[in-house]
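Close look at the chain arrangement
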Amino acid sequence: MTTYINTEKLSARLREAAINLNQKSLLLTNFYGTEQERDLTETPNCNGFGRIRHFKRFSNEGWPLNPLPIDPACKALGLPHIDALRAQVFQNAVCNWRCWYCFVPFNLLAASQTHADWLEPRLLIDLYLAQTDPPPVIDLTGGQPDLVPEWIPWMMKELRSHGIDKKVYLWSDDNLSTDYFWRYLSDTDRELVSSYTHYGRVCCFKGFNAESFTFNTKAEPQLFERQFDLMRKLLPSEQKQRLGGGDILSQETDEETTCPRKELMKKAKSYAEVTRRFYRPELYSCPECQRHLRRTSTLSQRKVVTLKGVIKVTHAGYGCPDPQCRARGRTYRSAAADALALPSFTFGLDVVVLAGQLHFGKHQTLDEAHQHISERLAPVGVSISRREVLYLFEAFSTLLRASSDASQDQEWREQVKKNKGIIVSIDGIKPDEGNETVYVVRDGLTGRLLAAENVTDNSVERLKQLLMPVVALNIPVLGTISDAQETEVMALSQLWPHVPHQTCQFHALREASRPGFKEDGQMKAQMRKKLQPKIRSVRKQIHKHVEQVSEAEAEQLAILDEYALGVQTALNLEGKLPFDYAGVAAAEALDEVATSLERLEKKGEMSVSSPRGN
Ligand code: SF4
Ligand SMILES: [Zn+2]
């Protein structure tokens with residue numbers, strides 16, 4: 001039996017956990033150390049509670065233009081027609097639905113305080129104004145901001161009291177799930193929201209019928225219709241009649257995930273269990289100037305079905321940050337991410353290879369192979385159609401033809417020219433039956449397949465032979481990447497002796513680092529347990545006193561509050577294997593705070609910096 005989210009019950013619980021009406025504060029996400037932080041194109045700001053979002057009118061080819069919130073914001077602010085707009089985002093830490101395509105990790109939607117803290121709108125505006133170049137739009141997003149509808153009028157009042165209500169455009173989103181806007185806001189607050197000239201709201205319809213709605217959100221199907229009722233209630237009367245039946249499609253616009261929703265809905269499958277994985281290039285420093293590579297783009301976000309499970313892959317591109325470097329403009333990819341699946345293929349390469357082996361190696365018919373593959377995928381909760389197996393056969397043949405295609409591919413050669421060469425990555429996939437290995441060779445900069453072969457002999461000579469089509473391309477090789485298999489490393493180093501080689505050490509290091517990482521996590525938990533209650537109570541006292549003291553004292557209290565927030569942020573840091581130890585980072589950050597406080601005490605200096613340097 002399908003279990004749906006009980007929206008009414010969950011919303012009530014999350015609301016209670018996300019708003020403090022007495023203190024007028026809200027539970028907001030702090031992005032530091034979160035999985036979402038890695039998706040951001042700019043580092044978090046406002047002490048970790050903010051992020052910058054780039055709204056763009058144009059997205060991928062074939063997609064409708066997205067004028068929101070660019071046009072209403074420009075109109076309100078008297079700006080000229082523009083196609084891109086920066087916005088300051090704050091995100092609340094709760095959402096009552098769980099959309100499969102959501103770009104916010106679900107642990108940031110569950111009112112968990114690991115990556116969230118209580119903030120008042122006043123402090124949010126202070127943090128926003130403290131930036132050197134605050135964007136013209138403040139975007140209150142989620143989570144689901146409307147679980148705590150008070151957030152919007154509170155912000156409006158705060159913007160007014162700072163005298164910037166006509167200089168900033170306030171924007172929020174709403175998943176049309178509850179009637180809290182009417183249930184919890186006073187008439188006066190509702191009036192404020194509807195008459196505030198510099199405010200706009202985007203409402204997102206989650207599906208084109210009850211079935212797709214439920215599939216997308218995991219909420220009860222009857223709430224599909226309710227979205228329209230809520231939207232009707234929100235709209236000014238003259239627009240109500242324009243809202244027809246079910247022909248409305250939402251278009252959420254996140255810089256990382258502008259997604260062809262309707263298409264996805266048609267194709268999407270629901271998988272029992274999905275593991276999220278983030279991939280970055282195996283290279284950490286620029287091969288030309290040795291500077292540390294930085295994230296520059298999201299190359300793809302997709303689901304890949306492998307024989308071991310379904311993976312939600314985020315593949316990030318990195319580049320050299322030095323504008324003078326010869327490698328500027330080059331994007332480095334993760335060879336491991338490319339090795340998972342062929343471009344635009346949902347089934348992983350291991351499934352393709354299995355299909356190829358059954359059909360071409362064991363001469364199984366389509367029906368036999370279909371049955372075999374279905375059985376192999378059943379434990380991971382995935383089904384496959386006969387037609388898809390046929391595609392897998394084709395994909396296997398395409399794979400083996402890859403090398404001849406590369407030499408003819410003019411477009412790719414142009415790209416290679418720009419990159420000044422290729423990075424050769426080799427990966428062996430061994431189907432678990434038989435003694436064959438399918439070797440796949442790719443360019444680590446463009447992800448293009450260069451060669452692929454099914455071999456039974458893994459000797460150095462055989463691998464060199466397999467790599468010959470790449471040598472024949474006669475293109476400069478900037479580097480080579482392989483897993484730790486000795487024959488692969490030897491073949492690469494014999495063919496390209498003067499080229500730097502990178503072993504894909506990530507997995508080995510990750511395992512080696514695990515025990516230390518565990519200890520570190522325990523140490524951080526202890527630190528948090530000891531310090532968190534104290535720091536919370538200090539901040540509470542500061543906030544209580546700040547109203548009753550002189551301006552100069554209030555300024556000092558604000559500095560102290562910054563320090564306290566710095567400590568809180570440090571305690572909320574989260575680590576990542578193999579080397580990002582949160583406990584160590586938190587201890588270092590706390591040391592920094594202590595040193596800065598000592599300096600302040602000794603010299604009366606007023607230098608305040610948060611542990612992450614914002
Ligand atoms: S309603 Fe929005 S925030 Fe909530 S899960 Fe869906 S996409 Fe994410
Ligand atoms: Zn460089």
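What this report covers is the structure whose coordinates are included nearby.

Focus on the pairing of strand β12 (residues 422-429)
Of all eight residues in β12, six are buried, a share of seventy percent or more. The pairing of β12 with strand β15 (residues 477-482) spans five bridges and is classified as parallel. Opposite Ile423, over in β15, you have Gly479 as the bridge partner. Bridging between β12 and strand β13 (residues 437-443) involves six bridges; their strand directions are antiparallel. What sits directly across from Asp427, in β13, is Val440.

Some words on helix α3 (residues 121-129)
Within α3 the residues assigned to the buried category are Pro121, Leu123, Leu124, Leu127 and Tyr128. Take α3 and look down its axis: the buried residues cluster within an arc of 160°, on one side only. Tucked inside the fold, the buried residues of α3 contact β3 (50-56), β4 (84-91), β5 (116-119), β6 (137-141) and α4 (151-161).

Some details on the pairing of strand β2 (residues 25-29)
For β2, the buried fraction is high: five of the five residues fall into the buried class. Residues Ser25, Leu27 and Thr29 of β2 are buried on one face, and the alternating residues Leu26 and Leu28, pointing to the opposite face, are buried as well. In sequence, strand β1 (residues 19-20) turns back onto β2 through a hairpin of four residues, with Lys24 there showing a positive phi of about 55°. Strand direction decides the pairing type here: β2 and β5, joined by four bridges, are antiparallel.

Quick notes on unusual backbone geometry
Trans is the prevailing form of peptide bonds, just as negative phi is the prevailing case for residues other than glycine. Residue Pro69 is reached from Leu68 by a cis peptide bond, and omega for that bond is -5°. In this structure, Pro69 sits in the loop between β3 and α2 (70-77). Residue Gly143 follows Gly142 across a cis peptide bond; omega there is 10°. Within the element layout of this structure, Gly143 appears in the loop between β6 and α4. Even without glycine at this site, Cys46 takes up a positive phi of about 50°. Within the secondary structure, Cys46 is located in the loop between β2 and β3. Phi is positive for Lys218, close to 70°, though the residue is something other than glycine. The residue Lys218 is located in the loop between α7 (210-217) and α8 (223-234) in this model. Judged by local crowding, Lys218 falls into the partly exposed class, with 17 C-beta atoms found within 10 Å.

So, the sheet that holds strand β11 (residues 309-319)
One open sheet accounts for three strands, arranged β9-β11-β10; its pairing is mixed. Of all strands in the sheet, those with a lone pairing partner are β9 (274-279) and β10 (294-306), marking the two edges. Going from strand to strand, the sheet's axes swing by 15° on average, the running direction of each strand aside. Both β9 and β11 contribute to a ladder of six bridges, which runs parallel. Looking at β11, one finds that Arg276 is bridged to Lys312.

With respect to the environment of Lys9
Mapped onto the secondary structure, Lys9 falls in helix α1 (residues 7-18). Here the alpha-carbon distance between Lys9 and Asn96, two residues 87 residues apart in the chain, equals 9.2 Å.

Some thoughts on the sheet that holds β15
The strand order across the open sheet built from five strands is β14-β13-β12-β15-β16, with neighbouring strands paired in mixed fashion. What marks the edges here is a single partner per strand, and that holds for β14 (449-455) and β16 (501-503). This sheet shows a mean twist of 15° between the axes of neighbouring strands, independent of strand direction. Where β13 and β14 come together, six bridges link them in antiparallel fashion. Considered in β14, the bridge of Thr437 is made with Val455. Its contacts with the sheet place helix α16 (residues 460-472) against β12, β13 and β14, and it is angled at close to 150° to β14.

Quick notes on the packing of α16 against helix α17 (residues 486-495)
Across the interface, α16 lies against α17 with an axial gap of 9 Å and an inter-helix angle of 50°. When the axes of α16 and α17 are compared, the pair comes out oblique. Note that α16 runs across α17; the crossing there is right-handed. Contacts between α16 and α17 involve Val460, Leu463, Lys464, Leu467 and Val471 on the former and, on the latter, Thr487, Glu488, Met490, Ala491, Gln494 and Leu495. Considered class by class, the residues forming the contact of α16 with α17 number seven nonpolar, two polar and two charged.

Section: the nonpolar core
In this structure, Val352, Ala355, Val440 and Val441 are the most contacted members of the largest nonpolar core, which totals 64 residues. No other element matches helix α12 (residues 349-361), which puts seven residues into this core. When near neighbours in sequence (up to four residues on either side) are disregarded, Val440 contacts Ala339, Leu349, Leu399, Asp427, Ile429, Leu449 and Ala452. Counting 50 residues, the second largest nonpolar core, distinct from the first, contains Cys46, Phe55, Ala87 and Cys99.

Describing the environment of Gly516
Following the sequence through the fold, Gly516 ends up in helix α18 (residues 506-546). Of the residues examined, Gly516 has 15 C-beta atoms within 10 Å and is grouped as partly exposed. As for Gly516 and Tyr581, which are separated by 65 residues in sequence, their C-alpha atoms are 8.6 Å apart.

Concerning the environment of Val460
Note on placement: Val460 falls in helix α16. Classification of Val460 as partly exposed rests on a count of 16 C-beta atoms within 10 Å. Considered as a pair, Val460 and Glu486 are 26 residues apart in the sequence and their alpha carbons are 8.7 Å apart.

Some details on the packing of α3 against α4
The contact between α3 and α4 brings their axes to 9 Å, and the two run at 55°. Judged by the angle between their axes, α3 and α4 are oblique. The way α3 lies across α4 gives a crossing that is right-handed. Between α3, through Pro121, Arg122 and Ile125, and α4, the contact on the second element is made entirely by Trp154, Met155, Glu158 and Leu159. Its residues assigned to classes, the contact of α3 with α4 shows five nonpolar, no polar and two charged.

Definitions and limits used
- Residues numbered from 1 in each chain as written.
- Chains lettered and ligands numbered in written order.
- Predicted model: local features only at pLDDT ≥ 70, side-chain atom pairs only at ≥ 80, totals over all residues.
- Buried ≥ 20, exposed ≤ 12 C-beta atoms within 10 Å, placed from the backbone.
- Helix = DSSP H or I, 4+ residues; strand = E, 2+ residues; numbered from the N terminus.
- Pairing = 2+ DSSP bridges.
- Arc of directions from axis to C-beta.
- Contact = placed C-beta atoms within 7 Å.
- Axes fitted to C-alpha atoms, helices over the stretch in contact; angles between N-to-C directions.
- Parallel < 35°, antiparallel > 145°, perpendicular 65-115°, else oblique.
- Left-handed = near helix turned anticlockwise from the far one by under 90°.
- Nonpolar A, V, L, I, M, F, W, Y, C, P; charged D, E, K, R; others polar.
- Core = buried A, V, L, I, M, F, W, Y, C linked by C-beta atoms within 7 Å.

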